[in-house]
Amino acid sequence: MKTLITGATSGIGRQLAIDYLAAGHQVWAVGRNQQQLQELQTRGAQVGAVDLLDRQATLAWFATLERIDLAILSAGSCEYVDLPAFDSALLTRVMRINVETMAHCIEGVLPALRRSDDPHLVGIGSAAAYLPLPRAEAYGASKAAVAYLIETLRLTLFAEGIAVSLVCPGFVKTPLTDRNDFPMPFLVSAEQASRAIRDGIAAKKAEIHFPKRFTLLMKAASLLPRSIWLRLAQRMRKR
Ligand SMILES: NC(=O)c1ccc[n+]([C@@H]2O[C@H](COP(=O)([O-])OP(=O)(O)OC[C@H]3O[C@@H](n4cnc5c(N)ncnc54)[C@H](OP(=O)(O)O)[C@@H]3O)[C@@H](O)[C@H]2O)c1
(Lines give C-alpha, C1' and ligand atoms only; values in the text may rest on other atoms or scores of the structure.)
Protein backbone atom coordinates (compact mmCIF):
# COMPACT_ATOMS: atom_id res chain seq x y z
CA MET A 1 0.00 0.00 0.00
CA LYS A 2 1.22 3.50 -0.83
CA THR A 3 0.96 5.57 2.34
CA LEU A 4 1.66 9.27 2.81
CA ILE A 5 2.17 10.71 6.30
CA THR A 6 2.65 14.37 7.24
CA GLY A 7 4.14 15.26 10.60
CA ALA A 8 6.25 12.13 10.08
CA THR A 9 9.35 13.61 11.71
CA SER A 10 7.99 13.54 15.26
CA GLY A 11 5.55 12.01 17.71
CA ILE A 12 2.45 10.27 16.38
CA GLY A 13 3.29 10.72 12.67
CA ARG A 14 6.82 9.36 13.13
CA GLN A 15 5.55 6.27 14.97
CA LEU A 16 2.96 5.66 12.25
CA ALA A 17 5.67 5.94 9.58
CA ILE A 18 7.91 3.43 11.41
CA ASP A 19 5.04 0.99 11.99
CA TYR A 20 3.67 1.18 8.43
CA LEU A 21 7.20 0.68 7.03
CA ALA A 22 7.57 -2.39 9.26
CA ALA A 23 4.22 -3.65 7.95
CA GLY A 24 5.49 -3.43 4.36
CA HIS A 25 3.82 -0.21 3.21
CA GLN A 26 5.58 2.09 0.79
CA VAL A 27 5.77 5.26 2.90
CA TRP A 28 6.11 8.89 1.83
CA ALA A 29 7.14 10.80 4.98
CA VAL A 30 6.73 14.59 5.08
CA GLY A 31 8.27 17.01 7.57
CA ARG A 32 10.92 19.69 7.93
CA ASN A 33 13.45 18.16 10.32
CA GLN A 34 16.24 16.94 8.01
CA GLN A 35 17.84 14.62 10.56
CA GLN A 36 14.54 12.85 11.24
CA LEU A 37 13.78 12.65 7.52
CA GLN A 38 17.19 11.04 6.90
CA GLU A 39 16.53 8.52 9.66
CA LEU A 40 13.19 7.59 8.06
CA GLN A 41 14.95 7.33 4.69
CA THR A 42 17.39 4.79 6.12
CA ARG A 43 14.37 2.80 7.29
CA GLY A 44 13.08 2.75 3.70
CA ALA A 45 10.76 5.77 3.48
CA GLN A 46 10.66 8.21 0.61
CA VAL A 47 10.83 11.65 2.13
CA GLY A 48 9.65 15.16 1.44
CA ALA A 49 11.20 18.17 3.19
CA VAL A 50 8.32 20.59 2.89
CA ASP A 51 7.12 23.56 4.94
CA LEU A 52 3.41 22.84 4.68
CA LEU A 53 2.59 26.49 5.41
CA ASP A 54 4.00 27.26 1.96
CA ARG A 55 1.10 26.41 -0.38
CA GLN A 56 3.11 26.58 -3.60
CA ALA A 57 5.94 24.40 -2.24
CA THR A 58 3.42 21.92 -0.82
CA LEU A 59 1.44 21.63 -4.07
CA ALA A 60 4.67 21.32 -6.10
CA TRP A 61 5.92 18.43 -3.93
CA PHE A 62 2.55 16.66 -3.85
CA ALA A 63 2.35 16.95 -7.66
CA THR A 64 5.32 14.55 -7.85
CA LEU A 65 3.20 11.76 -6.30
CA GLU A 66 1.63 9.34 -8.73
CA ARG A 67 -0.76 7.32 -6.60
CA ILE A 68 -1.49 7.35 -2.86
CA ASP A 69 -3.83 4.83 -1.22
CA LEU A 70 -3.70 6.15 2.34
CA ALA A 71 -2.97 9.76 3.32
CA ILE A 72 -2.57 10.57 7.03
CA LEU A 73 -2.37 14.28 7.81
CA SER A 74 -0.75 14.56 11.23
CA ALA A 75 1.33 17.78 11.05
CA GLY A 76 0.25 20.18 13.75
CA SER A 77 1.18 22.09 16.87
CA CYS A 78 -0.27 23.27 20.16
CA GLU A 79 0.01 26.51 22.10
CA TYR A 80 -2.09 27.58 25.07
CA VAL A 81 -3.62 30.98 25.72
CA ASP A 82 -2.61 32.59 29.01
CA LEU A 83 -5.00 35.36 29.96
CA PRO A 84 -5.19 38.22 30.82
CA ALA A 85 -3.17 38.86 27.64
CA PHE A 86 -5.15 37.49 24.68
CA ASP A 87 -2.52 37.07 21.99
CA SER A 88 -4.31 37.03 18.64
CA ALA A 89 -1.01 36.25 16.88
CA LEU A 90 -0.86 32.98 18.85
CA LEU A 91 -4.36 32.06 17.67
CA THR A 92 -3.46 32.86 14.06
CA ARG A 93 -0.26 30.78 14.34
CA VAL A 94 -2.07 27.72 15.70
CA MET A 95 -4.92 28.01 13.18
CA ARG A 96 -2.43 28.27 10.33
CA ILE A 97 -0.36 25.24 11.39
CA ASN A 98 -3.33 23.01 12.21
CA VAL A 99 -5.89 24.08 9.60
CA GLU A 100 -4.10 25.84 6.75
CA THR A 101 -1.39 23.16 6.37
CA MET A 102 -4.11 20.51 6.32
CA ALA A 103 -5.97 22.38 3.60
CA HIS A 104 -2.78 22.63 1.51
CA CYS A 105 -2.20 18.89 1.92
CA ILE A 106 -5.79 17.98 1.00
CA GLU A 107 -5.54 20.07 -2.16
CA GLY A 108 -2.20 18.45 -2.94
CA VAL A 109 -3.06 14.82 -2.20
CA LEU A 110 -6.55 14.48 -3.71
CA PRO A 111 -5.32 13.91 -7.30
CA ALA A 112 -3.00 11.10 -6.08
CA LEU A 113 -5.80 9.57 -3.95
CA ARG A 114 -8.13 9.62 -6.97
CA ARG A 115 -5.66 7.30 -8.78
CA SER A 116 -6.12 4.65 -6.07
CA ASP A 117 -8.66 1.80 -6.23
CA ASP A 118 -9.26 2.06 -2.48
CA PRO A 119 -8.40 5.60 -1.33
CA HIS A 120 -8.49 6.69 2.30
CA LEU A 121 -7.92 10.19 3.69
CA VAL A 122 -7.23 10.52 7.43
CA GLY A 123 -7.01 13.79 9.36
CA ILE A 124 -5.67 14.04 12.90
CA GLY A 125 -7.94 16.20 15.04
CA SER A 126 -8.14 16.05 18.82
CA ALA A 127 -10.47 15.11 21.65
CA ALA A 128 -9.92 18.74 22.72
CA ALA A 129 -12.54 19.68 20.11
CA TYR A 130 -15.28 17.77 21.95
CA LEU A 131 -15.84 20.59 24.44
CA PRO A 132 -14.31 23.90 25.56
CA LEU A 133 -11.22 23.41 27.72
CA PRO A 134 -9.39 25.99 29.82
CA ARG A 135 -6.48 27.66 27.92
CA ALA A 136 -7.37 25.79 24.71
CA GLU A 137 -9.04 28.72 22.95
CA ALA A 138 -6.61 28.53 20.02
CA TYR A 139 -5.83 24.80 19.91
CA GLY A 140 -9.46 23.75 20.49
CA ALA A 141 -10.73 26.17 17.84
CA SER A 142 -8.21 24.85 15.32
CA LYS A 143 -9.14 21.23 16.05
CA ALA A 144 -12.87 22.02 15.87
CA ALA A 145 -12.14 23.45 12.41
CA VAL A 146 -10.20 20.30 11.47
CA ALA A 147 -13.10 18.12 12.65
CA TYR A 148 -15.62 20.07 10.58
CA LEU A 149 -13.35 20.07 7.55
CA ILE A 150 -12.67 16.32 7.68
CA GLU A 151 -16.26 15.33 8.56
CA THR A 152 -17.63 17.42 5.70
CA LEU A 153 -15.13 15.93 3.27
CA ARG A 154 -16.42 12.51 4.35
CA LEU A 155 -19.84 13.52 3.02
CA THR A 156 -18.64 15.11 -0.19
CA LEU A 157 -15.94 12.57 -1.15
CA PHE A 158 -18.24 9.57 -0.50
CA ALA A 159 -19.63 9.75 -4.04
CA GLU A 160 -16.08 9.34 -5.38
CA GLY A 161 -15.42 6.29 -3.18
CA ILE A 162 -12.84 8.08 -1.03
CA ALA A 163 -13.09 6.99 2.63
CA VAL A 164 -12.42 9.75 5.16
CA SER A 165 -11.56 9.27 8.84
CA LEU A 166 -11.12 11.72 11.70
CA VAL A 167 -8.69 10.76 14.47
CA CYS A 168 -9.37 12.24 17.92
CA PRO A 169 -6.58 11.32 20.32
CA GLY A 170 -6.56 12.07 24.02
CA PHE A 171 -3.12 12.78 25.53
CA VAL A 172 -0.22 11.05 23.76
CA LYS A 173 3.37 11.31 25.01
CA THR A 174 5.24 13.19 22.26
CA PRO A 175 7.47 16.30 22.04
CA LEU A 176 4.19 18.26 21.72
CA THR A 177 2.86 17.15 25.12
CA ASP A 178 6.31 17.04 26.78
CA ARG A 179 5.92 20.83 26.98
CA ASN A 180 2.66 20.62 28.97
CA ASP A 181 2.82 21.90 32.55
CA PHE A 182 -0.38 20.21 33.81
CA PRO A 183 -1.46 16.65 34.63
CA MET A 184 -2.46 14.67 31.53
CA PRO A 185 -5.01 11.98 32.46
CA PHE A 186 -4.78 8.61 30.69
CA LEU A 187 -1.60 9.61 28.81
CA VAL A 188 -0.70 6.91 26.25
CA SER A 189 2.56 6.25 24.40
CA ALA A 190 3.10 7.04 20.71
CA GLU A 191 3.26 3.26 20.11
CA GLN A 192 -0.20 2.79 21.68
CA ALA A 193 -1.55 5.72 19.67
CA SER A 194 -0.14 4.29 16.45
CA ARG A 195 -1.74 0.90 17.17
CA ALA A 196 -5.16 2.49 17.84
CA ILE A 197 -4.93 4.63 14.69
CA ARG A 198 -3.79 1.76 12.47
CA ASP A 199 -6.54 -0.54 13.81
CA GLY A 200 -9.12 2.20 13.18
CA ILE A 201 -7.82 2.80 9.68
CA ALA A 202 -7.87 -0.93 8.87
CA ALA A 203 -11.52 -1.03 10.01
CA LYS A 204 -12.23 2.16 7.99
CA LYS A 205 -13.77 3.78 11.06
CA ALA A 206 -15.25 7.24 10.50
CA GLU A 207 -13.99 8.43 13.88
CA ILE A 208 -10.98 6.88 15.59
CA HIS A 209 -10.78 8.01 19.21
CA PHE A 210 -8.60 6.79 22.06
CA PRO A 211 -7.92 6.06 24.84
CA LYS A 212 -11.61 5.25 25.23
CA ARG A 213 -11.53 5.81 29.03
CA PHE A 214 -10.66 9.44 28.29
CA THR A 215 -12.54 10.15 25.06
CA LEU A 216 -15.82 8.64 26.30
CA LEU A 217 -15.56 10.78 29.45
CA MET A 218 -14.98 13.85 27.28
CA LYS A 219 -17.93 12.94 25.03
CA ALA A 220 -20.14 12.51 28.10
CA ALA A 221 -18.95 15.83 29.57
CA SER A 222 -19.79 17.55 26.27
CA LEU A 223 -23.45 16.57 26.84
CA LEU A 224 -23.61 18.32 30.23
CA PRO A 225 -25.41 21.66 30.45
CA ARG A 226 -22.77 24.34 29.86
CA SER A 227 -23.58 25.88 33.29
CA ILE A 228 -22.39 22.65 34.99
CA TRP A 229 -19.35 22.42 32.72
CA LEU A 230 -18.49 26.03 33.67
CA ARG A 231 -18.29 25.05 37.34
CA LEU A 232 -16.26 21.87 36.66
CA ALA A 233 -13.88 23.80 34.41
CA GLN A 234 -13.23 26.33 37.20
CA ARG A 235 -12.05 23.44 39.41
CA MET A 236 -9.78 22.20 36.60
CA ARG A 237 -8.32 25.70 36.20
CA LYS A 238 -7.51 25.95 39.90
CA ARG A 239 -5.67 22.62 39.79
N1 LIG B 1 0.28 14.44 21.38
C2 LIG B 1 -0.99 14.55 21.74
O3 LIG B 1 -1.37 14.36 22.92
C4 LIG B 1 -2.04 14.89 20.73
C5 LIG B 1 -3.38 14.82 21.15
C6 LIG B 1 -4.38 15.13 20.22
C7 LIG B 1 -4.04 15.48 18.94
N8 LIG B 1 -2.73 15.55 18.56
C9 LIG B 1 -2.43 15.95 17.19
O10 LIG B 1 -1.66 14.95 16.58
C11 LIG B 1 -0.80 15.54 15.59
C12 LIG B 1 0.62 15.12 15.86
O13 LIG B 1 0.97 15.58 17.16
P14 LIG B 1 2.32 15.12 17.88
O15 LIG B 1 2.01 15.04 19.32
O16 LIG B 1 2.89 13.95 17.17
O17 LIG B 1 3.21 16.43 17.63
P18 LIG B 1 4.79 16.64 17.41
O19 LIG B 1 5.55 15.52 17.99
O20 LIG B 1 5.08 18.02 17.87
O21 LIG B 1 4.91 16.58 15.80
C22 LIG B 1 4.39 17.60 15.01
C23 LIG B 1 4.75 17.32 13.57
O24 LIG B 1 4.16 18.36 12.75
C25 LIG B 1 5.14 18.78 11.82
N26 LIG B 1 4.92 20.16 11.41
C27 LIG B 1 4.53 21.21 12.18
N28 LIG B 1 4.50 22.34 11.45
C29 LIG B 1 4.87 22.00 10.19
C30 LIG B 1 5.04 22.70 8.97
N31 LIG B 1 4.82 24.03 8.91
N32 LIG B 1 5.43 22.04 7.87
C33 LIG B 1 5.67 20.71 7.93
N34 LIG B 1 5.52 19.97 9.04
C35 LIG B 1 5.14 20.61 10.16
C36 LIG B 1 6.46 18.64 12.56
O37 LIG B 1 7.50 18.57 11.61
P38 LIG B 1 8.98 19.18 11.87
O39 LIG B 1 9.31 18.89 13.31
O40 LIG B 1 9.83 18.42 10.91
O41 LIG B 1 8.88 20.63 11.57
C42 LIG B 1 6.25 17.33 13.30
O43 LIG B 1 6.58 16.24 12.48
C44 LIG B 1 -1.02 17.06 15.70
O45 LIG B 1 -1.94 17.45 14.72
C46 LIG B 1 -1.60 17.22 17.09
O47 LIG B 1 -2.40 18.38 17.21
C48 LIG B 1 -1.73 15.27 19.43
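A brief report on the enclosed structure follows. Owing to the predicted nature of the structure, the values given are computational and were not obtained by experimental measurement.

What counts, and at which threshold
Residues numbered from 1 in each chain as written. Predicted model: local features only at pLDDT ≥ 70, side-chain atom pairs only at ≥ 80, totals over all residues. Heavy atoms only, no water. Core = buried A, V, L, I, M, F, W, Y, C linked by side-chain atoms within 4.5 Å. Buried < 20%, exposed > 50% of the residue type's maximum accessible area, 1.4 Å probe, protein only. Helix = DSSP H or I, 4+ residues; strand = E, 2+ residues; numbered from the N terminus. Contact = heavy atoms within 4.5 Å. Axes fitted to C-alpha atoms, helices over the stretch in contact; angles between N-to-C directions. Left-handed = near helix turned anticlockwise from the far one by under 90°. Nonpolar A, V, L, I, M, F, W, Y, C, P; charged D, E, K, R; others polar. Phe/Tyr/Trp six-rings, centres within 6.5 Å; stacked < 30°, edge-to-face > 60°. Disulfide = S-S within 2.5 Å.

### Structural notes on the nonpolar core
Within the largest apolar cluster, 39 residues are counted, with the highest numbers of intra-cluster contacts made by Leu4, Ile68 and Leu121. Among the elements of the structure, strand 2 (26-31), helix 3 (55-62), strand 4 (70-73), helix 4 (88-113), helix 5 (137-157), strand 6 (163-169), helix 8 (212-222) and helix 9 (226-238) are those that each provide at least two residues to this core. Ranked by residues supplied to this core, first place goes to helix 4 with 8 residues. If sequence neighbours within four positions are ignored, Leu4 has contacts with Trp28, Val30, Trp61, Phe62, Leu65, Ile68, Leu70, Ala71, Ile72, Leu73 and Val109. Counting residues in hydrophobic clusters, the runner-up holds 24 residues, among them Tyr20, Val27, Leu40 and Ile208.

### Concerning the packing of helix 1 (residues 11-22) against helix 7 (residues 190-202)
For the pair helix 1 and helix 7, interaxial distance at closest approach is 9 Å and the crossing angle is 65°. Crossing of helix 1 over helix 7 shows right-handed handedness. Of helix 7, the residues touching helix 1 (which contributes Gly11, Ile12, Gln15, Leu16, Asp19 and Tyr20) are Ala190, Glu191, Ser194, Ile197, Arg198 and Ile201. When the residues that make up the contact of helix 1 with helix 7 are grouped by side-chain class, the tally is 6 nonpolar, 3 polar and 3 charged.

### Brief notes about the packing of aromatic side chains
Summed over all chains, the structure comprises 5 aromatic pairs. For the pair Tyr80 and Phe182, a centre-to-centre distance of 5.5 Å together with 80° between the ring planes defines the contact as edge-to-face. One end of the pair, Tyr80, is in the loop between strand 4 and helix 4; the other, Phe182, is in the loop between helix 6 (175-178) and helix 7, and 102 residues separate them in sequence. Measuring from centroid to centroid gives 5.6 Å for Phe171 and Phe214, while their planes differ by 45°, and the two rings are tilted. A residue pair is termed long-range when its members are at least 10 positions apart, and Phe171 in the loop between strand 6 and helix 6 and Phe214 in helix 8 qualify at 43 residues. As far as burial versus exposure is concerned, Phe171 and Phe214 are alike and both buried. Three or more aromatic residues joined by ring pairs make a cluster, and in this case those are Tyr80, Phe171, Phe182, Phe186 and Phe214.

### A word on unusual backbone geometry
Residues Leu83 and Pro84 are joined by a peptide bond in cis, for which omega reads 20°. The omega angle of the peptide bond from Phe210 to Pro211 is -15°, so this bond is cis rather than trans. Structurally, Pro211 can be placed in the loop between strand 7 (207-210) and helix 8. The phi dihedral of Arg135 is positive, around 75°, even though this residue is not glycine. If you check the backbone angles, Lys204 has positive phi at about 50° while not being a glycine. Tracing the sequence through the fold places Lys204 in the loop between helix 7 and strand 7.

### Points about the state of the cysteines
Summed over all chains, the structure comprises 0 disulfides. No disulfide involves Cys105; its sulfur sits 18 Å from the nearest other cysteine sulfur, which is in Cys168. Note on Cys168: no disulfide assigned, nearest cysteine sulfur contributed by Cys78 at a separation of 15 Å. Look at Cys168 and you get buried, because its relative accessible area is 3%.

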